[in-house]
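Below, each chain spelled out in residue letters.
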Amino acid sequence: MWDTESKPLKGRTLSLQVTDFPNFNASSDAETLYNAMKGFGSDKEAILDLITSRSNAQRQEIRSAYKSLYGKDLIEDLKYELTGKFERLIVSLMRLPAYHDAKEIKDAIKGGGTDEKCLIEILASRTNEQIHSLVAAYKDAYGREIEEDIIGDTSGHFKKMLVVLLQGTRDDDNVVHTDLVEEDAQLLYAAGEEQWGTDEAIFIMVLGNRSVTHLQLVFDEYQKIAEKSIEDSIKSELSGDFERLMLAVVQCIRSRPMFFAKHLYKSMKGLGTADNTLIRIMISRSEIDMLDIRECFRLRYEKSLYTMIQVPSSMLKPCIAGEFFPEAAQIAYKMWEISAMTKVQLRGTIVPYADFDPASDAQDLRKAMKGFGTDEDTIINIIARRSNAQRQDIRQAFKSLLGRDLMADLKSELSKNLCRLIMGLMMTPAEFDAKMMKKAMEGAGTDEHALIEILVTRSNEEIQAMCTAYLKGEMTAKSLEDAIRSDTSGHFCRILVSLAQGARKEGPADMTRVAEDAQVSETLPQTANSDEMIDNFMSVLCARSFPHLRRVLQEFVKCTNKDIEQIIKKELSGDVKNVFYAIVCSVKNQPSYFADRLYKAMKGLGTDDRALIRIMVSRSEIDLFNIRKEFKETHDASLHEFIQGDTSGDYRKTLLMLCGGED
C-alpha cells in the first residue's frame, strides 16, 4: 500500500507511515482476533499481522466491535494471552495515542525511581493538542492530575519547565513576533553567556512559550550575538536533567524527526537495547513522521533504521521491521517522491563585490606581492571576496596595467595549500575543473573519487567547457576522453567516457518514458555485474535528466520493491558501484552529496585537502550555502567548525571566508 498523503513541514513534506487498511471490516477483524486467542495457546502471528496493519483509529473500532460481539475487553484478553515485551508492544498499539502517552508517563514516575528520560522525550516533543489530550487521558485513566504527580516526583528548574510544557500553551507555529526575535535572543544571551551565573527563568519563559517558527529565528539571531549555538550555551550554562530537557526542547524546535532518530540510535547502540524507548517511539510516531525519522537516521548514522532494528532486537524484528512498519522500499518511494516534488533554491556563499574596481584591485595585489615578504591578508581579502567573473577582470587589468601575469606572480609568492586554493579561485570554472581532472589522473595512481565527483555533478555546459579547457594551453596534448581511456579501464572507463560527452538530456521528466526506464533493471539480481546490467544502468543513469531520473527511481521502487541505492551497494562493486551510487545520490540531493564528500575529506586522521579545495572552490558561487546547511543537519556540527578544527593559518582563513558563515 503506497502512501502518498503529506502535510507541509518547513518547506518540505512530512511523510506518514501507517495508514488506514483498505476494505476494513471491524467485526471481521474482531472475529479473527477472537479465534486467534481461543483454545490452548494463541496464534501470535495472526494477532501481529492484523494489529500492525491497521491504523490506530481502526484498532479502536476493532476494540468496540470485539466488546459488542463477545462482551469482553480486547485489551484485557490480549494482556491475558500475551507476555513480556510482545504484550507491551501489542497492548500499546491498541491504546489511543493520548492514553499510550499517559501510561508511559505513569510508568515513568511510579515506584522508587523516576524515568526522567521518558518525561523529557514525551513532554518536549508533543504539540499543544497532544499535551491537552494527554492531560485529559491521564485524569480519565488514573483519576489524578498529571501536573500534581509530576510536581511530586521532580524538583527545581527541571520541574518548573515540565510544568510549563504541561500547560500546552506554546504559540501556534504561524505566530512570529517579529519585533521580539532579536529581543528574545538578547534576553537568552544576557541570561547566560553575558553574566556570571544563569537566569534559568528566562530560558524557561522563552523556550517554553514561543512558537516553533519564532524560536528558529531566535536561534539564528542568538548565533550571531553569542557567536555560538544555543545548544552550546545550554551545555555550558545548565546542568543535569534541566540541561537535558532544554536541549531536547531545542532539538525538537529544530527538527522533531532528527530528535527521534537520535533517541532511537541511543536506544540500540552499545550493549543491550532499551526496548521500552524503542517501542514507545516507534508506536507514537508511526502515523506522524516515521519516514522522516528513518531518513534522518540514515543521513546521520549512514545506516538504515530497518537494518539496525534487526540486529539488537530479535523479539521486535518481525513486528517492527516487518509489516508494522513497511519495508525500506516504501521509505525509498516516499523519499524519491519528495525529491521529485521539492524545488530547492540553490545559493552560493560568494556574490559579486559591490563597488568593484578591477584596476584598483590589480594595483593592490601588486603592492601585496612587491618587495620583501608577501601581504597574504590583502591577497585573501581581495580574491576570496570577489566573484569568479570579477577575478577574471582583475587578471585582465593586472596584465593591461602592469604587463605581468597575475597567476604567475601569485604562484611565486604563495605556497602549499594556500597557493593551491588561491590559484583555484583565480581560474575560470572550466579551467579549474580541467586542472582537477588532470591532477586526478597524473602520476602513478588515479583519484577515482575526484573523477566521479566532477563528471557526475557538472551540467552538460560545464562538462563541454571543461573538455575545451582541457585541450587548451599547456594543460595536455590529448583530449579529456583520451586521458580517461588511458587511465581507467573496463565498465568504469565506459561510464566515465559516457558522462564526459556532456550529452545528458535536459528538462523535466518525460512521464511517457518513466515506466519504461524503470523496467530496464528489473532482472538485476540475475545479471549482477554483467555487461547487460551495466548497459541498462548506463542507458538510464548516464543519459536521462535529473528531474526525469527522480521519477524513474521512484517508479523503480514501485516496480521492484527495492531501493536503487541498496541494489547498487549489494549488486555492484568497486569504482562501478561508486560512480552509479554517486549519480543516484546527486540526483536525489546534490548539496547533500557534496556535504558527505566534505565530511569524508576531513573526518579521521589527516585531511584530503585536494577534495576540500576542489569542492569549496567549485561550489562557492553555486550551492555552498545549501551544502553548509546539509552538512550541519547531517553531522550535527557546522562545516565552519570542521574547517576550523582541521586546517590552519591563511589557508584556514581563506576557506572560512568561502564558507561564509558558522550556522
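Residues numbered from 1 in each chain as written. Predicted model: local features only at pLDDT ≥ 70, side-chain atom pairs only at ≥ 80, totals over all residues. Heavy atoms only, no water.

## Some words on the overall build of the protein
The secondary structure content of the protein amounts to 40 helices and 2 strands. For a compact globule of 663 residues, the expected C-alpha radius of gyration is about 26 Å, and the protein comes in at 29 Å, within 12% of that figure. Once the C-alpha set of the protein is aligned to its principal axes, its extents read approximately 95 × 70 × 40 Å. Once local pairs closer than 6 in sequence are excluded, the contacts in the protein between residues at least 24 apart make up 72%. With the model as given, the accessible surface of the protein reaches about 29,700 Å², and the carbon-plus-sulfur share is 48%. A distance of 3 Å separates the average location of the 87 positive side-chain charges in the protein from that of its 104 negative side-chain charges. (Helix = DSSP H or I, 4+ residues; strand = E, 2+ residues; numbered from the N terminus. Rg over C-alpha atoms; globule rule 2.2 N^0.38 Å. Contact = heavy atoms within 4.5 Å. Areas by Shrake-Rupley, 256 points an atom, 1.4 Å probe, with all protein chains shown as cover. Lys, Arg positive; Asp, Glu negative; His and termini not counted. Charge placed at Lys NZ, Arg CZ, Asp CG, Glu CD.)

## A short note on the packing of helix 30 (residues 480–487) against helix 31 (residues 490–500)
Two elements in contact, helix 30 and helix 31, have axes whose closest approach is 9 Å; the angle formed by their N-to-C orientations is 170°. Considering their axes alone, helix 30 and helix 31 lie roughly antiparallel with respect to each other. Of helix 31, the residues touching helix 30 (which contributes E481, I484 and R485) are C493, L496, V497 and A500. Within the contact of helix 30 with helix 31, the residues separate by chemical class into 5 nonpolar, no polar and 2 charged. (Axes fitted to C-alpha atoms, helices over the stretch in contact; angles between N-to-C directions. Parallel < 35°, antiparallel > 145°, perpendicular 65-115°, else oblique. Nonpolar A, V, L, I, M, F, W, Y, C, P; charged D, E, K, R; others polar.)

## With respect to unusual backbone geometry
Backbone geometry at N23 places phi at a positive 55°, although glycine is not the residue there. Structurally, the position occupied by N23 is in the loop between strand 2 (12–15) and helix 1 (26–37). The phi torsion at E227 lies on the positive side, around 60°, for a residue other than glycine. The residue E227 is located in the loop between helix 13 (212–226) and helix 14 (230–237) in this model.

## Describing the side chain of T457
Structurally, the position occupied by T457 is in helix 28 (residues 448–457). In this structure the side chain of T457 is engaged in a polar contact, spanning 2.8 Å, whose partner is the side chain of R458. Apart from residues lying up to four places away in sequence, T457 is in contact with E462, S586, Q590, Y593 and F594. (Polar contact = N/O pair within 3.5 Å; in protein donor to acceptor, adjacent residues only side chain to side chain.)

## Some thoughts on the nonpolar core
Grouped together as the largest cluster of nonpolar side chains are 104 residues, with contacts concentrated most on L410, M437, F580 and M616. At 13 residues, helix 36 (residues 574–602) tops the list of elements feeding residues into this core. By size, the runner-up hydrophobic cluster in this structure holds 67 residues, among which are M161, Y189, A248 and M282. (Core = buried A, V, L, I, M, F, W, Y, C linked by side-chain atoms within 4.5 Å. Buried < 20%, exposed > 50% of the residue type's maximum accessible area, 1.4 Å probe, protein only.)

## Digging into helix 31
By the burial criterion, the buried members of helix 31 are F492, C493, I495, L496, V497, L499 and A500. Those residues of helix 31 that are buried lie in contact with helix 28, helix 29 (460–471), helix 30, helix 33 (531–541) and helix 36. Directly beyond the C-terminal end of helix 31, a positive phi value near 60° is found at G502.

## As for the side chain of D517
Among the secondary structure elements, D517 is positioned in helix 32 (residues 511–519). On the basis of relative accessibility, which here comes to 4%, the residue D517 falls in the buried class. Sequence-distant contacts of D517, defined by excluding residues within four places in its chain, comprise V540, R544, H548 and V552.

## Points about a negative patch on the surface
Together, E227, D232, E641 and E662 make up a negatively charged patch on the protein surface. Classification of E227 by relative accessible area gives exposed; the value is 61%. (Patch = residues over 30% accessible without salt bridge, like charges linked within 9 Å, V, L, I, M, F, W, Y side chains within 5 Å. Salt bridge = Lys/Arg side-chain N within 4 Å of Asp/Glu carboxyl O.)

## Details of the environment of Q644
In this fold, Q644 is placed in helix 39 (residues 639–646). Since its relative accessible area comes to 34%, Q644 is described here as partly exposed. Note: C-alpha distance between Q644 and L656 (12 residues apart in sequence) is 7.6 Å. Each residue touching Q644, except ones within four places of it in the same chain, is listed here: R652 and L656.

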